[in-house]
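Report on the structure
These are the residues of each chain, in order.
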Amino acid sequence: MYLTPQHVLLAGATGLTGEHLLDRLLSEPTITRVLAPSRRPLAEHPHLENPVGEPAQVLPQLSGQVDIAFCCLGTTIKKAGSEQAFRAVDLDLVVAFAKRARELGARHLIVISALGADSKSSIFYNRVKGEMEAALKAQDWPQLTICRPSLLLGDRVEPRLAEQLAGPLSKLIPGKYHGIEACQLARAMWRLALEEQNGVRVVESDELRKLGK
């Protein structure tokens, strides 16, 4: 069964995948409202509402009914400055955003996690992503879609050296470890938004690439 959401809440619209997803959402004729809070202003559009400010201040002020929420939030330890600051974004902020989305009526949450997410992992990054997934599952969403992309490829405003070095190699690796273009991920997320089912669905990177073609 397919539903077409009309009122959308989007977090992370200034990021690599979020920018592509925002463009897609604003080009969809069925969508009448995109609520996209951000730290810096976005380009104006008749269907876009863009509260600007720090998340802790903006999230409680969000209002209006939403059908679906997309979460493209994420950072790196280097950019965040510490493991604690990284957790504050990739775990705490994601969970807070999801909670607010539920309060606004969203039935379906589509969130970007990461390949290898595991709350028991010895790798800090994977462990935090796993803890984030577990926290979202505990919110008891009617429909929760967890996207686990491998290395994201694309032109960032602030290039990440590790991604620049690993990107060409990731294109040669088969299966779910193959790198995925951010525009592909955005297209896949929109296709997943049109699918209605109950419970949790985890979508690995190889499936995301197929959906995003």
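This text gives an overview of the structure that appears in the document. Along each chain, numbering runs from 1 in the same order as the chain's sequence is written. The predicted nature of this model means local features are confined to residues of pLDDT at least 70 and side-chain atom pairs, given and counted, to a pLDDT of 80 or more, with totals for whole chains, interfaces and linings taken over all residues. Side-chain metrics rest on all non-hydrogen atoms present in the structure, leaving aside hydrogens and water.

1. Structural notes on the overall build of the protein chain
When its secondary structure is counted, the protein chain shows eight helices and nine strands. The buried label applies to any residue whose accessible area, calculated with a 1.4 Å probe on protein chains only, is under 20% of its type's maximum; exposed applies above 50%, and partly exposed to all values in between. When each of the 213 residues of the protein chain is scored for burial, the buried share is 48%. Taking the contacts inside the protein chain whose residues are at least 6 apart along the sequence as the reference set, 70% of them involve residues at least 24 apart. For the protein chain, the accessible area works out to roughly 10,600 Å², and carbon and sulfur atoms hold 53% of it. Under the DSSP-based scheme used, a helix requires at least four consecutive residues in state H or I and a strand at least two consecutive residues in state E, with every element numbered from the N terminus. We call two residues in contact whenever any of their non-hydrogen atoms come within 4.5 Å of each other. Each accessible area value is a Shrake-Rupley result obtained with a 1.4 Å probe; residue values ignore everything except the protein chains displayed when judging cover.

2. Focus on the pairing of strand β1 (residues 7-11)
Regular strands place their side chains on alternate faces of the sheet. The element β1 is largely enclosed, with a buried count of four among its five residues. For two strands to be treated as a pair, DSSP must find no fewer than two bridges joining them. Strand direction decides the pairing type here: β1 and strand β2 (residues 33-35), joined by three bridges, are parallel. What sits directly across from L9, in β2, is L35. A right-handed crossover is one whose linking path, passing over the helix from the first strand to the second, runs clockwise when the strands point away from the viewer. Traced from β1 through helix α1 (residues 16-27) to β2, the parallel crossover comes out right-handed. In terms of strand pairing, β1 meets strand β4 (residues 68-71) through four bridges, oriented parallel. Following the sheet pairing, V8 is matched in β4 by I68.

3. Structural notes on the sheet that holds strand β9 (residues 199-204)
With parallel pairing, seven strands are arranged side by side in an open sheet as β3-β2-β1-β4-β5-β6-β9. Two strands close off the open sheet at either side, each with one partner strand: β3 (48-49) and β9. Inspection of the sheet shows β4 paired to strand β5 (residues 108-112) by four bridges, in the parallel sense. Directly across from A69, in β5, lies its bridge partner L109. Lines fitted to C-alpha atoms define the axes here, with helix axes fitted over just the stretch in contact, and angles between the N-to-C directions of these axes take values from 0 to 180 degrees. Taken strand by strand, α1 contacts β1, β2, β3, β4 and β5, and its axis lies near 165 degrees from that of β1.

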